[in-house]
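Coordinates in review
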Amino acid sequence: MASMLIAHFPNFDLAAWRWPHFSPRELACRCGGHFCAGDYWHDEGFLDALEALRTAPGREFLASLRAVECIGRRRDKLHAQDDCR
Ligand SMILES: [Zn+2]
């Protein structure tokens, strides 16, 4: 499994999960069910890089990560930006 979209992050099988500093919940879309059921894009190469960054010496404070956003959430944000102009 190299990369794939999981439409509902709790459905992801954690049996082979090897990134102790991350979880699908943390990386899933946070639209709260408004536009998706919790999209999670699983990409092992990306997770390997994130894990290395988060555990690198001097990087202990690299704690926050912006989650993946589904198309509906991105569109909603774009419309909100347009409304502010
Ligand atoms: Zn979403």
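As shown above, the structure is provided for reference.
Just so we're clear, the structure is a prediction, and the values are computed from it rather than from any experiment. Starting afresh in each chain, residues are numbered from 1 along the sequence in its written order. The model is predicted, so local features are restricted to residues of pLDDT at least 70 and side-chain atom pairs to those at 80 or more, both for listing and for counting; the totals for chains, interfaces and linings are taken over all residues.

**Observations regarding the overall build of the protein**
On a plain count of helices and strands, the protein comes out with three helices and two strands. The helix and strand labels rest on DSSP assignments: H or I over at least four residues marks a helix, E over at least two residues marks a strand, and numbering proceeds from the N terminus. Scanning the protein from its N terminus toward the C terminus, one meets helices and strands in the order β-α-β-α-α. Across the 85 residues that make up the protein, the buried fraction comes to 14%. Burial in this document is a count-based property: other C-beta atoms within 10 Å of a residue's C-beta are tallied, and the residue is buried at 20 or more, exposed at 12 or fewer, or partly exposed in between, with C-beta positions derived from the backbone.

**A closer look at helix α3 (residues 71-83)**
Quick reminder: α-helices carry 3.6 residues per turn. Residues three or four places apart thus point the same way. Under the convention used throughout, the expected extent of a helix is 1.5 Å for every residue step, that is, one less than its residue count. The end-to-end C-alpha separation of α3 is 18 Å, in line with the 18 Å expected for 13 residues at 1.5 Å each. With zero of 13 residues buried, α3 lies mostly on the surface of the structure.

**Remarks on the nonpolar core**
Ranked by size, the top nonpolar core spans nine residues in total: Phe9, Leu27, Ala28, Cys29, Cys31, Cys36, Tyr40, Val68 and Cys70. Two residues qualify as a contact pair if the distance between their C-beta atoms, derived from the backbone, is within 7 Å. Those residues in contact with Cys70 that lie beyond four places of it in its chain are Cys29, Cys31, Phe35, Cys36 and Asp39. Only buried Ala, Val, Leu, Ile, Met, Phe, Trp, Tyr and Cys residues enter a nonpolar core, and they are joined through C-beta atoms within 7 Å.

**Thoughts on the environment of Leu50**
Along the chain, Leu50 falls in helix α2 (residues 44-55). Assessed through the 17 C-beta atoms surrounding it within 10 Å, Leu50 is described here as partly exposed. For the pair Leu50 and Trp19, spaced 31 residues apart in sequence, the C-alpha to C-alpha distance is 8.7 Å.

**Focus: the environment of Leu27**
Among the secondary structure elements, Leu27 is positioned in helix α1 (residues 24-27). Separated by 12 residues in sequence, Leu27 and Asp39 have C-alpha atoms that sit 8.8 Å apart.

**Points about the environment of Trp19**
Its place among the elements puts Trp19 in the loop between β1 (3-6) and α1. The exposure class of Trp19 is partly exposed, given the 17 C-beta atoms found within 10 Å. When the C-alpha atoms of Trp19 and Glu51 are compared, they prove to be 6.2 Å apart, with 32 residues separating the residues in sequence. In contact with Trp19, not counting residues within four places along its chain, are Leu47 and Glu51.

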